[in-house]
Amino acid sequence: MVRFFPAETALEVRHRHEVLTIEAWGPDSVRVRAAQFRLPAGSHGALDRPPPSEPPVIKTADRHAVFVHGELTVDVVFDAGAAYPEPLLTFSRTSTGQELLAERREHFWLPGARFFQGNRSGAHEIHQQFAAYDDEKLYGLGQRTHGRLDLKGLSLDLVQRNGEVSIPFVLSSRGYGLLWNVPAVGRVEFSANATRWTAGQAREIDYWLTAAPTPAAILGRYADATGHSPDLPEWASGFWQSRLRYRSQEELLDVAREHHRRGLPMSVIVADFFHWSAMGDYRFDETEWPDVPGMVAELDELGVKLMVSIWPTVSPLSEHFDTYRDHGLLVGTDQGAEFHQTIQDKGMDVPMPVAFYDPTNPETRAFVWDLVRRNYLDQGISVFWLDACEPELNPAHPGNLAFHAGPGAEVASIYPRDNARLFAEGMAAAGHEPTVLLCRSAWAGSQKYGAAVWSGDIPATWQSLRQQIRAGLNIAISGIPWWTTDIGGFHGGDPADPAYRELFVRWFAYGVFCPLFRLHGDREPRTPTGYAMTGGPNEVWSYGDEAYEIIVGLLDLRERLRPYLHEQLRAAARDGVPPMRPLFVDHPDDPRAWQVEDQFLLGPDVLVAPVTEAGQRSRPVYLPAGTRWVDASGAVFDGGTTVEAAAPLDRIPVFTREGAGVPWGPR
């Protein structure tokens, strides 16, 4: 029979070999954990400690328990008449009794709603199955390339890949948010007959659920549980200039000088990969960058920050390779050598295997940060681009990795989070304010370390631009308020091609309203991957006179937008609501707001409708109900309606909430 053990903030449920706990974890929220025999002593998930909240009300009977915590009620029912009985959980809203989510068995006999299949190592293949609801819409789960905002009907891998960021949090139209707090390699299925979370190898089932009353409040509770972002530094909201690679100090400085000569704003310029002497050295190659302090000083005079690219890869030719290897600072391997990628780095005649450092190891974090501090921070560089931080494996077998934190199959997803942690903790120890860490991947909690995410190595196509809108909104829902894309796409794009110039201008206009505003890409003519590559031109003047005139106006628009944007970023740090978000976050009572996938709000007062089709010079725009909206001409429109908005090449449709008083900066 089932047994209940209530405590002050938690309820323990035992049946046969399973132990299950329901614990208050912030207002209106609980953490649920289940395991065989005993819960693990530690966790590598995102839930460090419960946020403050009132104690729950717990009532138990022989076969039924009720756990009431604010607006969330958890019923635990044990049906002794079932073919193979087990305690089953149902989550409902306390004030209305509405069912939010309920466990469902996989089969009337076996398996049940919670499945454990041991592998003789103390770990298990685990499943957690819930009911499916036909009317449910689901959002979040990080950043994906499927081109959908609503995840209902999709089956998705829980694994980190270039362009696919796995953050296992979803917000439901039924009024709850759920974090799958298991960093193992796995899968989630939002199918018609069931919602099921699985992991190939894990020690426990662990998830967090909140029933906060609105989407904005759900996001706030989620930030309380996993960590709030810092305030974005003022400089970081400006324009970031990058191309595939500037090969030398003089080449980079020439671009910054030309921006200044033309009177164009620039906040950041990038020294990308292969600026180093070797992967793992974490210093500039002095033959190409002979005077780093002098370069940084000149950029400072121009009001420009220098960002450096830092990969977690370690070349066997690195001057520190023996230390990495012999001190156990590298990611290990269950089978095979400790090399997990190939690339042609400095000193290599052909591509060779390289290793990855292990940021889950505190000793690794200390060693790498010491190199970064001495070779970058002490030279005046405090902005870091943490590229390839999934990590990018070849072959892509994360389950074959071995980390200080545990087997790759169980913890691989935390790699990008702990990599950001390395730099955030290092900056704090050095007495510096939080910086922006531009990352290609993230996991739950990455935001508290100042991780900004960009959408990876994406194609330079209209379809890709359409996908970015959905990807950016879903990762915002997943807790990452700082996000950007490679304006124009990464793979390809010919600056001399009129068709590509149109795409570039439309993408640039979309970028103006992203939290970070960043130009990057490997333009034509492209060159083979390796330390000699540079890519084609990718400066704002590279796209012809017509495009340049439009871009100059868009750069000015971004400068005018920055005061308002920082208001929203401060609110994000305080409240956990991202500045760039789907319409339903501010308009949950408008059914159409849950359906619109190709528009977004920047804060509560600016509505943006990007143009994503070649030749398009107008587009329909849905204006959320409950307020009136003003377009660029000053015309006023009722909410709850769709208007056909003009979209000449030099602008995309943007509306402001009537009476909002958006604090645009001076023209």
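First things first, this report covers the structure right here in the doc. Quick caveat, the model's predicted, so the values are computed rather than measured.

A few words now on a negative patch on the surface. A cluster of acidic residues, Asp545, Glu546, Glu549 and Asp650, forms a negative patch at the surface. Within the fold, Asp650 resides in the loop between strand E39 (641-646) and strand E40 (654-657). Taking the relative accessible area as the measure of exposure, Asp650 reaches 45% and is therefore partly exposed.

Relative to the elements of secondary structure, Ala442 occurs in the loop between strand E29 (437-439) and strand E30 (451-454). Here the alpha-carbon distance between Ala442 and Ile475, two residues 33 residues apart in the chain, equals 9.6 Å. Beyond its immediate chain neighbours, meaning those up to four positions away, Ala442 contacts Gln160, Val165, Ser166, Ile167, Pro416, Val453 and Ile480.

The subject of this paragraph is the packing of helix H9 (residues 498-512) against helix H10 (residues 545-575). Helix packing geometry: the angle between the two helix axes and the distance between the axes. Interaxial distance between H9 and H10 falls to 9 Å at its minimum, and their mutual angle equals 5°. Judged on the interaxial angle alone, H10 and H9 are roughly parallel. Residues Phe504, Val505, Phe508, Ala509, Gly511 and Val512 of H9 lie in contact with H10, whose contacting residues are Ala547, Ile550, Ile551, Leu554, Leu555, Leu557, Arg558 and Leu561. Here the residues of the contact of H9 with H10 sort into twelve nonpolar, one polar and one charged.

Look at H9: 21 Å from first C-alpha to last across 15 residues, which is about the 21 Å you get at 1.5 Å a residue. Within H9, twelve of the 15 residues are buried, which leaves it mostly tucked inside the rest of the structure. Within H9 the residues assigned to the buried category are Tyr500, Glu502, Leu503, Phe504, Val505, Arg506, Trp507, Phe508, Ala509, Tyr510, Gly511 and Val512.

Next up on the list: the environment of Asp638. Examined against the element boundaries, Asp638 turns out to sit in strand E38 (residues 636-638). In the structure, Asp638 is positioned eleven residues away from Thr627 in sequence and 6.8 Å away in space, judged by C-alpha atoms. Within polar-contact distance, the side chain of Asp638 engages the side chain of Arg628 at 3.5 Å.

Bringing the sheet that holds strand E7 (residues 72-78) into the picture now. Read from one edge to the other, the open sheet built from five strands follows the order E5-E6-E7-E8-E9, with strand pairing classed as antiparallel. Looking at the sheet topology across the chains shown, the edges are occupied by strand E5 (57-60) and strand E9 (99-102). The average angle at which neighbouring strand axes cross in this sheet is 15°, direction not considered. Sheet topology note: the strand E8 (residues 87-93)/E9 ladder contains three bridges and is antiparallel. Its bridge partner being in E9, Ser92 is matched across the sheet by Glu99.

Turning our eyes to something else, we now look at the state of the cysteines. Here the structure, examined in full by the defined rule, presents zero disulfides. With no disulfide of its own, Cys439 lies 4.9 Å from the sulfur of Cys389, the closest cysteine sulfur. Its relative accessible area of 1% is what places Cys439 among the buried residues. The thiol sulfur of Cys514 is not disulfide-bonded, and the nearest other cysteine sulfur, from Cys439, lies at 17 Å. Overall, Cys514 belongs to the buried group, its relative accessible area being 1%.

In this structure the tally under the stated criterion is 34 aromatic pairs. Look at Tyr84 and Trp109: their rings are 6.2 Å apart centre to centre, the planes differ by 65°, and that puts the pair in the edge-to-face class. With a gap of 25 residues between them, Tyr84 in the loop between E7 and E8 and Trp109 in the loop between E9 and strand E10 (114-118) connect regions that are remote in the sequence. With a centroid separation of 5.5 Å and an interplanar angle of 45°, the aromatic rings of Phe384 and Phe423 are classed as tilted. Of this pair, Phe384 sits in strand E26 (residues 383-386) while Phe423 sits in helix H7 (residues 415-429), placing them 39 residues apart in sequence.

This part is about the sheet that holds strand E27 (residues 401-403). Judged by pairing direction, the sheet is antiparallel, and its three strands sit side by side in the order E23-E27-E28 without closing on themselves. A single partner strand is all that each edge strand has here, and the edge strands are strand E23 (332-333) and strand E28 (406-407). The pairing of E23 with E27 spans two bridges and is classified as antiparallel. The partner of Thr333 across the bridge, within E27, is Leu401.

This next bit is on the environment of Leu649. Tracing the backbone through its elements, the reader meets Leu649 in the loop between E39 and E40. Between the alpha carbons of Leu649 and Arg617 there is a distance of 6.9 Å; along the sequence they are 32 residues apart. Leu649 has contacts with Glu502, Val505, Arg506, Glu546, Ile550 and Arg617, leaving out every residue within four places of it along the chain.

It is worth spelling out a nonpolar patch on the surface at this point. Together, Phe108, Trp109 and Leu110 make up an exposed nonpolar region whose accessible area comes to about 360 Å². When you line up the elements, Phe108 lands in the loop between E9 and E10.

With an omega dihedral of 5°, the bond running from Asn394 to Pro395 counts as a cis peptide bond. Note that the residue after Glu524, namely Pro525, is joined by a cis bond; omega there is -5°. Positioned with a positive phi, Arg16 is a non-glycine residue whose angle comes to about 55°. Tracing the sequence through the fold places Arg16 in the loop between strand E2 (10-15) and strand E3 (18-24). A relative accessible area of 60% places Arg16 in the exposed class. You will see that Asp28, though not glycine, has its phi angle at about 60°, which is positive. Assignment of secondary structure puts Asp28 in the loop between E3 and strand E4 (29-36).

The subject of this paragraph is the pattern of salt bridges. A complete count under the given rule lists 56 salt bridges for this structure. One salt bridge in this structure joins Arg262 and Glu258, with 2.7 Å as the shortest N-O distance. In this pair, Arg262 and Glu258 both sit in helix H2 (residues 249-262), four residues apart, roughly one turn of the helix. Glu258 sits in the buried class, given a relative accessible area of 18%. Linked by salt bridges that have partners in common, Glu18, Glu86, Glu103, Arg105 and Arg114 make up one network.

Both faces of the sheet carry side chains from a regular strand, because those side chains alternate between them. Of all the five residues making up strand E21 (residues 305-309), four are buried; the element is thus mostly covered by neighbouring parts of the structure. Summarising the sheet, strand E20 (residues 268-271) and E21 pair through four bridges and their orientation is parallel. Note on E21: the bridge partner recorded for Ile269 is Leu306. On the question of chirality, the crossover connecting E20 to the parallel E21 by way of helix H3 (residues 292-301) is right-handed. Bridging between E21 and E26 involves three bridges; their strand directions are parallel. Among the inter-strand pairings, Met307 is bridged to a residue of E26, identified as Val383.

Parameters and conventions
Residues numbered from 1 in each chain as written. Predicted model: local features only at pLDDT ≥ 70, side-chain atom pairs only at ≥ 80, totals over all residues. Heavy atoms only, no water. Patch = residues over 30% accessible without salt bridge, like charges linked within 9 Å, V, L, I, M, F, W, Y side chains within 5 Å. Areas by Shrake-Rupley, 256 points an atom, 1.4 Å probe, with all protein chains shown as cover. Salt bridge = Lys/Arg side-chain N within 4 Å of Asp/Glu carboxyl O. Lys, Arg positive; Asp, Glu negative; His and termini not counted. Charge placed at Lys NZ, Arg CZ, Asp CG, Glu CD. Helix = DSSP H or I, 4+ residues; strand = E, 2+ residues; numbered from the N terminus. Buried < 20%, exposed > 50% of the residue type's maximum accessible area, 1.4 Å probe, protein only. Contact = heavy atoms within 4.5 Å. Axes fitted to C-alpha atoms, helices over the stretch in contact; angles between N-to-C directions. Parallel < 35°, antiparallel > 145°, perpendicular 65-115°, else oblique. Nonpolar A, V, L, I, M, F, W, Y, C, P; charged D, E, K, R; others polar. Expected span 1.5 Å × (residues − 1). Polar contact = N/O pair within 3.5 Å; in protein donor to acceptor, adjacent residues only side chain to side chain. Pairing = 2+ DSSP bridges. Disulfide = S-S within 2.5 Å. Phe/Tyr/Trp six-rings, centres within 6.5 Å; stacked < 30°, edge-to-face > 60°. Right-handed = clockwise from strand over helix to strand, strands pointing away.

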